[in-house]
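# Working through the structure, step by step
Read off the chains here:
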Amino acid sequence: MELRVLIVEDDEIIREGLELALRQEGCRVYTAGAAGEAAEIIRKETPIDFYLLDILLPDGDGFTVCREIRKRTDTPILFLTACDDEVNTVRALEQGADDYISKPFRIRELIARMKAILRRTNREEGKLEKTAQVGKNQIHLQTGRVYCGDEEVILTAMEYRLLLIFLNHRGQTLSRRQILNQIWDEAGDFVNDNTLSVYVKRLRKKLGDTAEGQLIQTVRGVGYRMEK
């Protein structure tokens, strides 16, 4: 299937370079040079399979665009960030992004990141049963959907992949390195250790986890454990 990508980037040279490279990969590409343009495309419900968002835009920022997307869908989002901009990188992940890449970057690296995220969106079931219960949440593993009662809990591809890892190892303490290796597969060199804390925090919040009765427990100095 043809991948439909929306590029939101105000730098015309970067935007056109990305568009050309992705078209050569067989993608159908939509572009926007500002947050307003991107919002218009999103409001029209143009079918998009992948979003590439720059942070700094002439009429706002990529965080606003990201929040608008997350109100509607869990479609993969990859942020284009300034080199070594740790504050904005963490903020991007907290807003619901699946990954980020620092400028300047090689096109082949970007495409590798995109493919890694898309592999995670396949939501493989592994050894799990058709449904699983985590606190008040029911996970429908064949469809990749999570519900709390009648309300659907919207998870990003990364959050869902992390949830599957915990489910597959319920009752086991997993080191941070073990988790990162499973999340990122061959792309493991792209992530730093701080990123995992952001994902776990986001997943806990969406599952209704609390300090009084944590579904995902922190094992100090080691990693995390999901209780049986």
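For the structure itself, look to the data block above.
Residues numbered from 1 in each chain as written. Predicted model: local features only at pLDDT ≥ 70, side-chain atom pairs only at ≥ 80, totals over all residues. Heavy atoms only, no water.

### Details of the environment of Gln182
Condition: Only DSSP runs of H or I reaching four residues or more are called helices, and only runs of E reaching two or more are called strands; each is numbered from the N terminus. We call two residues in contact whenever any of their non-hydrogen atoms come within 4.5 Å of each other.
Of note, Gln182 is situated in helix H7 (residues 176-184). Sequence separation of Gln182 and Ile165 is 17 residues, and the distance between their C-alpha atoms is 7.6 Å. Non-local contacts of Gln182, meaning those with residues more than four positions away in its chain, are made with Arg161, Ile165 and His169.

### Observations concerning the packing of aromatic side chains
Heads up, the condition is: Each Phe, Tyr or Trp ring, with Trp reduced to its six-membered ring, pairs with another whose centre is within 6.5 Å; inter-plane angles below 30 degrees give stacked pairs, above 60 give edge-to-face pairs, and intermediate values give tilted ones. Residue exposure (1.4 Å probe, protein chains only): buried if accessible area is under 20% of the type maximum, exposed if over 50%, otherwise partly exposed.
Taken as a whole and judged by the stated rule, the model has 2 aromatic pairs. Considering the side-chain rings of Phe63 and Phe79, the 5.7 Å spacing of their centres and the 35° angle between planes classify their relative orientation as tilted. With Phe63 in helix H3 (residues 62-70) and Phe79 in strand S6 (residues 77-82), the pair connects residues that are 16 residues apart, well separated along the chain. Note on Phe63: relative accessible area 2%, which makes it buried. With 6.4 Å between their ring centres and 80° between their planes, Phe166 and Tyr224 make a pair best called edge-to-face. Of this pair, Phe166 sits in helix H6 (residues 157-168) while Tyr224 sits in strand S14 (residues 223-226), and the two are 58 residues apart along the sequence.

### Some points on the packing of H6 against helix H8 (residues 193-206)
Operational definition: Orientation is described by axes fitted as lines to C-alpha atoms, over the contacting stretch for helices, and by angles from 0 to 180 degrees between their N-to-C directions. An angle counts as roughly parallel when it lies under 35 degrees, as roughly antiparallel when it exceeds 145, as roughly perpendicular when it falls between 65 and 115, and as oblique in every other case. Note on residue categories: nonpolar means Ala, Val, Leu, Ile, Met, Phe, Trp, Tyr, Cys or Pro, charged means Asp, Glu, Lys or Arg, and polar means any other residue, Gly included.
Closest axis-to-axis distance for the H6/H8 pair is 10 Å, and the angle between their directions is 85°. By the angle class used here, H6 and H8 are roughly perpendicular. Where H6 approaches H8, its residues Met158, Glu159, Leu162, Leu163 and Phe166 are matched on the opposing element by Leu196, Tyr199, Val200, Arg202, Leu203 and Lys206. Here the residues of the contact of H6 with H8 sort into 8 nonpolar, no polar and 3 charged.

### Observations concerning the pairing of strand S10 (residues 145-148)
The condition that has to hold: In this scheme, strands are said to pair when DSSP sees at least two bridges between them.
Across 4 bridges, the pairing between strand S9 (residues 137-140) and S10 is antiparallel. From the neighbouring strand, Asn137 faces S10, where its bridge partner is Cys148. With antiparallel pairing between neighbouring strands as the criterion, S10 and strand S11 (residues 151-153) make up a hairpin whose turn holds 2 residues, including Gly149 at a positive phi of roughly 65°.

### Describing the sheet that holds S11
Spatially, 4 strands are ordered S8-S9-S10-S11 in an open sheet, and the strand pairing comes out antiparallel. Two strands bound the open sheet, and with one partner strand each, they are strand S8 (131-134) and S11. Strand-to-strand twist across the sheet, computed as the mean angle between neighbouring axes with direction ignored, equals 30°. The pairing of S10 with S11 spans 3 bridges and is classified as antiparallel. Bridge pairing links Cys148 to Glu151 in S11. In this fold H6 packs onto S8, S9 and S10, with an angle of close to 100° to the strand it touches most, S9.

### Some details on unusual backbone geometry
Of note, the bond from Lys103 into Pro104 is cis; its omega dihedral lies within 30 degrees of zero at -10°. Here Pro104 shows up in the loop between strand S7 (99-103) and helix H5 (107-120). Phi at Glu45 is positive, roughly 60°, even though this residue is not glycine. Turning to its location among the elements, Glu45 is positioned in the loop between helix H2 (35-43) and strand S3 (50-54). Since its relative accessible area comes to 61%, Glu45 is described here as exposed.

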